[in-house]
Amino acid sequence: MNRFAHRGLLTFCLLATGIGQVLAHSADEHAGHNAPPAKTQESAQVKFADVALVDQNGKPVRLEKDLISNKIVVMGFIYTSCTTVCPVVSSIMGKVQKQLGARVGKEVQLVSISIDPQRDDPKRLNDYARSFQNGPGWSWLTGSQQSVTETLKGLGTFSGDFKNHAPLIMVGDGNSRHWTRYYGFTDPTVLTREVEKLSGQRNAHAKHTAIAMENQP
């Protein structure tokens with residue numbers, strides 16, 4: 001075998017070995033998580049269940065009334081014992097918070113909902129949140145199994161097995177039932193641009209309404 005053929009065979013073997021290791025690592029690391037759907041985003045119509053939840057500080061909240069209404073919202077779904085997908089989703093939202101700055105907590109609200117409420121009590125969520133949250137305006141929610149299930153079903157994100165969920169972040173205007181679901185590990189800038197778009201639509205609508213009222217006889 002000449003030296004070029006030998007080198008080609010060696011390269012092929014190394015590539016095959018490397019791909020095998022990557023696939024094995026990926027299968028192990030993401031065991032229990034579905035692969036993200038082929039689509040990266042889709043429009044969705046949501047419903048906010050009127051049920052009692054609790055945030056990371058132990059404060060009772062109603063999702064729509066106390067957090068969503070009149071806010072532009074970025075919402076993720078996590079559980080604290082997840083060590084692969086969920087920290088990435090939370091990290092993405094943390095970057096969104098940094099990009100939006102002081103608007104978070106005023107015009108914009110971030111929400112993370114635990115999909116493992118039996119284990120994720122407020123204390124666990126509070127400890128978990130410290131690794132990602134930087135400033136106000138980010139609520140981490142849990143509650144009874146029934147309340148969380150109803151909440152997730154209304155948002156169209158319920159899975160019978162919480163370990164078998166795809167990474168997902170939703171963005172929407174709390175005054176509308178029409179939101180956008182972003183699957184996979186979405187670039188934080190994409191989410192921020194969606195927030196900016198919704199904010200612009202709000203401002204345009206408010207300006208149009210103000211002009212219409214001024215023109216009334």
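Higher on the page you've got the structure.
Read on for a plain summary of the structure.

Cut-offs applied
Residues numbered from 1 in each chain as written. Predicted model: local features only at pLDDT ≥ 70, side-chain atom pairs only at ≥ 80, totals over all residues. Heavy atoms only, no water. Phe/Tyr/Trp six-rings, centres within 6.5 Å; stacked < 30°, edge-to-face > 60°. Pairing = 2+ DSSP bridges. Helix = DSSP H or I, 4+ residues; strand = E, 2+ residues; numbered from the N terminus. Axes fitted to C-alpha atoms, helices over the stretch in contact; angles between N-to-C directions. Contact = heavy atoms within 4.5 Å. Core = buried A, V, L, I, M, F, W, Y, C linked by side-chain atoms within 4.5 Å. Buried < 20%, exposed > 50% of the residue type's maximum accessible area, 1.4 Å probe, protein only.

1. Remarks on the packing of aromatic side chains
Okay, so step 1: Summed over the entire model, instances satisfying the criterion amount to 5 aromatic pairs.
Okay, so step 2: Consider the rings of Tyr 128 and Phe 132, whose centres lie 5.0 Å apart with planes at 45°: the pair is tilted.
Okay, so step 3: Here the aromatic residues Tyr 128, Phe 132, Trp 138 and Trp 140 are joined through ring pairs into a cluster of three or more.

2. Let's talk about the sheet that holds strand S5 (residues 108-114)
Okay, so step 1: Strand order across the open sheet formed by 6 strands is S1-S8-S7-S4-S5-S6, with mixed pairing between neighbours. A strand with exactly one partner marks an edge of an open sheet, and here the two such strands are strand S1 (41-45) and strand S6 (138-141). Here the strands of the sheet are splayed against their neighbours by 25° on average, with no regard to which way each runs.
Okay, so step 2: As paired strands, strand S4 (residues 72-78) and strand S7 (residues 168-173) are joined by 5 bridges and run antiparallel to one another. The residue of S7 that forms the bridge with Gly 76 is Ile 169.
Okay, so step 3: The sheet contacts of helix H3 (residues 85-100) involve S4, S5, S6 and S7, and relative to S4 the element is tilted by about 160°.

3. Quick look at unusual backbone geometry
Okay, so step 1: With a phi close to 65°, Asn 70 is a non-glycine residue in the positive phi region.
Okay, so step 2: Locating Asn 70 in the fold gives a position in the loop between helix H2 (63-68) and S4.

4. Some points on the nonpolar core
Okay, so step 1: Residues Met 75, Phe 77 and Val 111 are the most contacted members of the largest nonpolar core, which totals 49 residues.
Okay, so step 2: No other element matches the 7 residues that H3 contributes to this core.
Okay, so step 3: Every residue in contact with Met 75, bar those within four places of it in the chain, is listed here: Ile 68, Met 93, Val 111, Ile 113, Leu 155, Leu 168, Ile 169, Met 170 and Trp 179.

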